[in-house]
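Close look at the chain arrangement
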Amino acid sequence: MVQAHNDDTLSVRPASDDDLGAVLAIERVCYPEPCIAWTEEAFRQEIEKPFSNFLVLTDDATDTILTGYIVFWLLFDECHILNVAVHPDWRGLGIATRLVRHAVAAAVKKDMKRVFLEVRKTNTPAVELYQRLGFFVDHVKPTFYENGDDAYFMVLYLNKSNVF
Ligand SMILES: CC(C)(COP(=O)(O)OP(=O)(O)OC[C@H]1O[C@@H](n2cnc3c(N)ncnc32)[C@H](O)[C@@H]1OP(=O)(O)O)[C@@H](O)C(=O)NCCC(=O)NCCS
């Protein structure tokens, strides 16, 4: 059981192979259906891809409490967010907001044009999170997910007025 506390004592760092156990534990809680959850191999590949950023947010004191993670690609002039998840004990504390802002800041630093992602139409907490950060629904991708669920394709265009 993870003890929830103030997220000021947490920092973002790149994931390593040693984090995969904790990452998979969160992934399996988020997606109990095995065909939806990312596999250990899928996460491992993201550590190795040069254009991929696989980041975790851990406690500063011990660097062992892994509260959440994000995977995003910085490719050409676009940032693609592929996965964001937060441990249930740490939700509602702004951790996903912090991780997504980190991806946006990385894209801004590389002078990229937009950040985009796919999210299940039914995933209201995630859709609202992205909307709060300035993303909008560009279009629906019908049966985008393996189980037949539709996705929203959401976009944040990067310009002086929407960058936080
Ligand atoms: C969607 C998900 C990533 C959100 O993570 P989170 O860390 O709880 O998100 P945040 O805390 O940044 O924002 C969510 C809520 O917390 C609120 N919040 C933000 N900072 C806060 C703070 N300091 N104190 C209290 N609440 C806060 C936000 O206003 C928001 O509130 P609301 O949704 O109740 O209106 C998380 O629910 C999750 O892991 N879900 C399963 C995986 C998933 O669906 N991932 C997205 C796939 S695209």
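Since the structure is predicted, the reported quantities are computational estimates derived from the model, not experimental observations. (Residues numbered from 1 in each chain as written. Predicted model: local features only at pLDDT ≥ 70, side-chain atom pairs only at ≥ 80, totals over all residues. Heavy atoms only, no water.)

1. Digging into the pattern of salt bridges
For the structure on display, the rule yields 10 salt bridges. Between Asp-63 and Arg-13 there is a salt bridge, with the nearest N and O atoms lying 2.8 Å from each other. With Asp-63 in the loop between strand E2 (52-59) and strand E3 (66-75) and Arg-13 in strand E1 (residues 10-14), the pair connects residues that are 50 residues apart, well separated along the chain. Accessibility expressed as a relative area gives 36% for Asp-63, which makes it partly exposed. A salt bridge links Glu-41 to Arg-44, with the shortest nitrogen-to-oxygen separation between them at 3.8 Å. Of this pair, Glu-41 and Arg-44 both sit in helix H2 (residues 40-48), 3 residues apart, roughly one helical turn. (Salt bridge = Lys/Arg side-chain N within 4 Å of Asp/Glu carboxyl O. Helix = DSSP H or I, 4+ residues; strand = E, 2+ residues; numbered from the N terminus. Buried < 20%, exposed > 50% of the residue type's maximum accessible area, 1.4 Å probe, protein only.)

2. A look at the packing of aromatic side chains
In the structure shown here, the tally under the stated rule is 9 aromatic pairs. Each ring, one from Trp-38 and one from Phe-43, has its centre 5.1 Å from the other, and the planes form 45°; the classification is tilted. Assessed through its relative accessible area of 22%, Trp-38 is described here as partly exposed. Phe-43 sits in the buried class, given a relative accessible area of 0%. With centroids separated by 5.0 Å and ring planes inclined at 90°, the aromatic side chains of Phe-144 and Tyr-145 adopt a geometry described as edge-to-face. Ring-pair connections join several aromatic residues into one group, and the members of that group are Trp-38, Phe-43, Phe-54 and Tyr-69. (Phe/Tyr/Trp six-rings, centres within 6.5 Å; stacked < 30°, edge-to-face > 60°.)

3. Section: the environment of Glu-46
Position of Glu-46 relative to the elements: it lies in helix H2. In sequence terms Glu-46 and Ala-96 are 50 residues apart; their C-alpha atoms lie 19 Å from each other. Dropping the residues within four chain positions of it, Glu-46 is found in contact with Trp-38, Ser-52, Phe-54, Val-71 and Trp-73. Within polar-contact distance, the side chain of Glu-46 engages the side chain of Ser-52 at 2.7 Å. (Contact = heavy atoms within 4.5 Å. Polar contact = N/O pair within 3.5 Å; in protein donor to acceptor, adjacent residues only side chain to side chain.)

4. Considerations on helix H4 (residues 124-132)
Taken together, the buried positions of H4 are Ala-126, Val-127, Leu-129 and Tyr-130. Taken end-on, H4 shows its buried residues confined to a sector of 160°, consistent with a single buried face. Turned more than 90 degrees from where H4 packs its buried face, Pro-125 and Arg-132 sit exposed. If you follow the buried residues of H4, they end up packed against strand E4 (78-86), helix H3 (95-109), strand E5 (114-120) and strand E7 (151-157). Remark: Gly-134 follows H4 within two positions and exhibits a positive phi of approximately 105°. (Arc of directions from axis to C-beta.)

5. Here's the deal with the site of the ligand
Neighbouring the ligand are 19 residues, the closest being Val-84, Gly-92, Gly-94, Thr-97 and Asn-123. In this structure, Val-86 approaches the ligand through a main-chain N or O atom, which is 2.8 Å from an oxygen atom. Within the backbone of Leu-93, one N or O atom sits 3.2 Å away from an oxygen atom of the ligand. The fraction of the free accessible surface of the ligand (940 Å²) that becomes covered by protein chains is 66%. In this structure, the ligand is accommodated by the largest pocket. Contributions of two or more residues to the shell around the ligand are made by E4, H3, E5 and H4. With 4 residues, H4 is the single largest residue contributor to the shell around the ligand. Residue classes in the shell around the ligand are distributed as 12 nonpolar, 4 polar and 3 charged. (Near = heavy atom within 4 Å. Areas by Shrake-Rupley, 256 points an atom, 1.4 Å probe, with all protein chains shown as cover. 1 Å grid on protein atoms, 1.4 Å probe; cavity = no way out; pocket = protein on both sides within 12 Å on 5 of 7 lines; lining within 4 Å. Sits in = over half its atoms within 2 Å of the grid points. Nonpolar A, V, L, I, M, F, W, Y, C, P; charged D, E, K, R; others polar.)

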